[in-house]
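Inside the fold
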Amino acid sequence: MTGTTWLGVALVGLLVGFMAGLFGKGGSAIATPLLHALGIPAAMALAAPLPATIPSTLAATAVYLRQRLVQRQTFLWSVAFGVPATILGALLSGYVSADMLVRVTDVIIVGLGVRLLLRPSGSEASTEARVYRVRLVAVAVFVGVCAGLLANSGGFLLAPLYLAVLHSPLKSAFGTSLAVASMLAVPGTLVHWALGHLDWSIVLVFAVTSIPGSYVGARAALRSRSDVLERAYGGALTLMGTAFLILR
């Protein structure tokens, strides 16, 4: 690869890391099309963000942890049900149309973004404990299967579903999403490593910039007003999902 391509990988890592920390998402769903646009083969563009997601999301998670904004119960249940679902999704990936699933996912992202713009999550009432756990398991399994099928950490769905379905506080949803995404990225990384899809030089360059980017993004999120941040998040989801629907 040329020096320009390596610079592009580093800049993508910085951008994706910052957005991950700011909006509580792993970032692999955004990174893959950007890396592929730089000329990186599709399989490597799909796999490279996954191992980099682990340290970058942990760096951002540390910022939220210090402010006690990672919900312990939500994290534990999400990992307990999400990791097996991720493995199941990876095993099913050869039997499911990835193109169809990606488009359905983009529609979901747009819908969640519009919902957050029109009706912020803070207006929702509290949820009874048993109903909350049922919803939590459903979110974890759904996101885990999608993460396995699409070879990403699931963070692009976790945070908006925590907000829309579990009615979590905004910054707690972001912090918990980051912590869970770091765990869901592990099975996908191992599978792609075994399949020979990982170019560790790309992973390294991506990670070097995404780790500090995610830390700075998380600090910026915590300093922002929740209402402003939520509107920005809803707008970002709507624009991102719409752009993916048009460009894919």
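The structure contained in this document is the topic of the report that follows.

Each value, and the rule that gives it
Residues numbered from 1 in each chain as written. Predicted model: local features only at pLDDT ≥ 70, side-chain atom pairs only at ≥ 80, totals over all residues. Heavy atoms only, no water. Helix = DSSP H or I, 4+ residues; strand = E, 2+ residues; numbered from the N terminus. Expected span 1.5 Å × (residues − 1). Buried < 20%, exposed > 50% of the residue type's maximum accessible area, 1.4 Å probe, protein only. Axes fitted to C-alpha atoms, helices over the stretch in contact; angles between N-to-C directions. Parallel < 35°, antiparallel > 145°, perpendicular 65-115°, else oblique. Left-handed = near helix turned anticlockwise from the far one by under 90°. Nonpolar A, V, L, I, M, F, W, Y, C, P; charged D, E, K, R; others polar. Contact = heavy atoms within 4.5 Å. Polar contact = N/O pair within 3.5 Å; in protein donor to acceptor, adjacent residues only side chain to side chain. Phe/Tyr/Trp six-rings, centres within 6.5 Å; stacked < 30°, edge-to-face > 60°.

1. Points about helix H9 (residues 170-194)
For H9, built from 25 residues, the straight-helix expectation of 36 Å at 1.5 Å per residue is met to within 8% by its first-to-last C-alpha distance of 37 Å. Across the 25 residues of H9, 19 count as buried, placing the element largely inside the fold.

2. Here we look at the packing of helix H1 (residues 3-23) against helix H10 (residues 200-223)
H10 packs onto H1 with a crossing angle of 30° between their chain directions and a minimal axis gap of 6 Å. Viewed along their axes, H1 and H10 adopt a mutual orientation that is roughly parallel. The way H1 lies across H10 gives a crossing that is right-handed. Grouping the amino acids of the contact of H1 with H10 by side-chain chemistry returns 15 nonpolar, nine polar and no charged.

3. Brief notes about helix H8 (residues 155-164)
Across the ten residues that make up H8, a large majority, ten, are buried. Those residues of H8 not exposed but buried are Gly155, Phe156, Leu157, Leu158, Ala159, Pro160, Leu161, Tyr162, Leu163 and Ala164.

4. As for the environment of Thr61
Mapped onto the elements of the fold, Thr61 is located in helix H4 (residues 49-66). The class of Thr61 is buried, set by a relative accessible area of 4%. When the C-alpha positions of Thr61 and Tyr215 are compared, they lie 8.2 Å apart, and in sequence the two are 154 residues distant. If sequence neighbours within four positions are ignored, Thr61 has contacts with Val70, Gly175, Leu178 and Ala179. Only 3.4 Å separates the side chain of Thr61 from the backbone nitrogen of Ala179, close enough to count as a polar contact.

5. Quick notes on the side chain of Ser214
Mapping Ser214 onto the fold places it in helix H10. Judged by relative accessible area, Ser214 falls into the buried class, the value being 0%.

6. Focus on the packing of helix H7 (residues 129-150) against H8
Between H7 and H8, the shortest axis-to-axis distance is 9 Å and the interhelical angle comes to 165°. Taken together, the axis directions place H7 and H8 in an arrangement best described as roughly antiparallel. For the crossing formed where H7 meets H8, the hand is right-handed. Here Leu136, Val139, Phe142, Val143, Cys146 and Leu150 of H7 come into contact with H8, specifically with Phe156, Leu157, Leu158, Leu161 and Tyr162. Residue composition of the contact of H7 with H8, grouped by class: eleven nonpolar, no polar and no charged.

7. Examining the packing of aromatic side chains
Tallied over the full model, the rule gives three aromatic pairs. Consider the rings of Trp193 and Trp200, whose centres lie 5.6 Å apart with planes at 80°: the pair is edge-to-face. In this structure Trp193 comes out as exposed when scored by relative accessible area, which is 52%. Given the relative accessible area of 40%, Trp200 is considered partly exposed.

So far we have only geometry, and geometry alone does not tell us how the molecule works.
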